[in-house]
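Observations on the model geometry
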Amino acid sequence: MLRQIVKDYELIDPIINSTLQPGGESASPKELIFHIMKDNAAPIEVLDIGFGKGHLGEMIKGSPQTAHWSVDGVDGFEGSCNHPALFQRKVYRHIWHGLAQSVPSDRFAKYDIICLLDVIEHMTAETAKWLLRTLLSSMGENSLLFVSTPLWFYPQHSQQSGDLEEHLIGVPASSMMALLPLMYAMNHPLIGGFVLGKRSLDFIEFFHPTTDKTFSYEKGMYVANAINFQCVPGKFFKLS
């Protein structure tokens, strides 16, 4: 169930008496957001799923080329939705507290870019695949899905009650590249960012994450090198 916290940049339903702190640091190659659209001057609608501390939204609104974009956010962690400093800066137009699985699928069609940065590794393999399929099938024909995830089983556990921070799966580079991304990039330590279009829906059955906690960084690098995944931080690679 979704609970709207911010509407049209105004706080309408604050979470009170919560001791939980905003969470969700992401090492994903967020700068890829500036290279996704053909025309950044267009009025772009962005949905940031799992916005955490709001760093992606702040990047978008802090850049002269994208400051006019409208950014909405969804986060399942109460602490992220109890962040007065973020609300006061009016970074996110609308904010909902709830899981991505609770967002009505028809709502996804209104966005030009849907961002899922460092989210799927916190889900079971079945839920992650379901969510990717749902987003790809529900988004607009010309919309794009920006996904990032560690390309190995990055060990991480919960830090606060209910923070959803535990990692449940690892995603090999081969699994993401099998979705035929239009563009990709990576950051250390082997955190891949991928831009997917509607065509990726035809290849969703090749998305095969693993629950094997021995799928280490070294093994992730072996897989990445085997498929010629370009492990060059700070560079963006376009595919046909």
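Our subject is the structure listed above.
Residues numbered from 1 in each chain as written. Predicted model: local features only at pLDDT ≥ 70, side-chain atom pairs only at ≥ 80, totals over all residues. Heavy atoms only, no water.

1. Some details on unusual backbone geometry
Of note, the bond from His188 into Pro189 is cis; its omega dihedral lies within 30 degrees of zero at 0 degrees. Summarising the element assignment, Pro189 is placed in the loop between β8 (183-187) and β9 (191-196). Positive phi, close to 55 degrees, is recorded for Leu190, a residue that is not glycine. Secondary-structure assignment places Leu190 in the loop between β8 and β9. Judged by its relative accessible area of 1%, Leu190 is buried. (Helix = DSSP H or I, 4+ residues; strand = E, 2+ residues; numbered from the N terminus. Buried < 20%, exposed > 50% of the residue type's maximum accessible area, 1.4 Å probe, protein only.)

2. Regarding the pattern of salt bridges
Close approach of charged atoms lets side chains of opposite charge pair. Using the criterion set out here, one finds seven salt bridges in the structure. As a salt-bridge pair, Glu10 and Lys90 come within 3.0 Å of each other at their nearest N and O atoms. Of this pair, Glu10 sits in strand β2 (residues 10-11) while Lys90 is found in the loop between α2 (84-88) and β5 (95-97), placing the two residues 80 residues apart along the sequence. Its relative accessible area of 45% is what places Glu10 among the partly exposed residues. (Salt bridge = Lys/Arg side-chain N within 4 Å of Asp/Glu carboxyl O.)

3. Some remarks on the sheet that holds strand β6 (residues 113-117)
Strand order in the open sheet made by the 10 strands is β2-β1-β5-β4-β3-β6-β7-β9-β8-β10, with mixed pairing throughout. The open sheet has two edge strands with one neighbour each: β2 and β10 (237-238). Pairing analysis gives three bridges linking strand β1 (residues 3-7) to β5, with the strands arranged antiparallel. Opposite Arg3, over in β5, you have His97 as the bridge partner. (Pairing = 2+ DSSP bridges.)

4. Let's talk about the side chain of Asn40
As for its placement among the helices and strands, Asn40 is situated in the loop between β2 and β3 (45-49). Those residues in contact with Asn40 that sit more than four places away from it in its chain are Phe34, Gln65, Thr66, His68 and Trp69. (Contact = heavy atoms within 4.5 Å.)

5. Details of the packing of aromatic side chains
Think of a pair of aromatic rings as described by two things: how far the centres are apart, and how the planes are tilted against each other in angle. Enumeration according to the criterion identifies eight aromatic pairs in this entry. With centroids separated by 6.0 Å and ring planes inclined at 40 degrees, the aromatic side chains of Phe194 and Phe229 adopt a geometry described as tilted. Pair noted here: Phe194 is in strand β9 and Phe229 is in the loop between α5 (217-226) and β10, with a separation of 35 residues, a long-range link. The pair formed by Phe194 and Phe229 is uniform in burial state, with each residue classed as buried. (Phe/Tyr/Trp six-rings, centres within 6.5 Å; stacked < 30°, edge-to-face > 60°.)

6. Concerning helix α1 (residues 55-62)
Within α1, burial applies to Leu56, Gly57 and Ile60. Buried residues in α1, looked at end-on, bunch into an arc of 95 degrees, giving them a common side. Looking at the buried side of α1, the elements it contacts are β3, β4 (70-75) and β6. (Arc of directions from axis to C-beta.)

7. Description of the nonpolar core
Counting 43 residues, the largest nonpolar core has Leu116, Leu145, Phe207 and Phe229 as the members making the most contacts within it. Once you skip the residues sitting within four places of it in the chain, Phe229 turns out to touch Leu151, Ala173, Met177, Tyr184, Ala185, Met186, Phe194 and Ala224. Among the nonpolar cores identified, the runner-up in size contains 29 residues, and Met37, Cys81, Cys115 and Val195 belong to it. (Core = buried A, V, L, I, M, F, W, Y, C linked by side-chain atoms within 4.5 Å.)

8. Topic: the pairing of β3
Across the five residues of β3, five count as buried, placing the element largely inside the fold. Across the two faces of β3 the burial is the same, with Glu45, Leu47 and Ile49 and Val46 and Asp48 all buried. Across five bridges, β3 lies against β4 in parallel orientation. Note that in β4 the partner of Val46 across the bridge is Val71. For the handedness criterion, the β-α-β arrangement of β3, α1 and β4 is classed as right-handed. Of the strand pairs in this sheet, β3 and β6 are connected by four bridges, and their pairing is parallel. By the bridge assignment for β6, Asp48 is matched with Cys115. (Right-handed = clockwise from strand over helix to strand, strands pointing away.)

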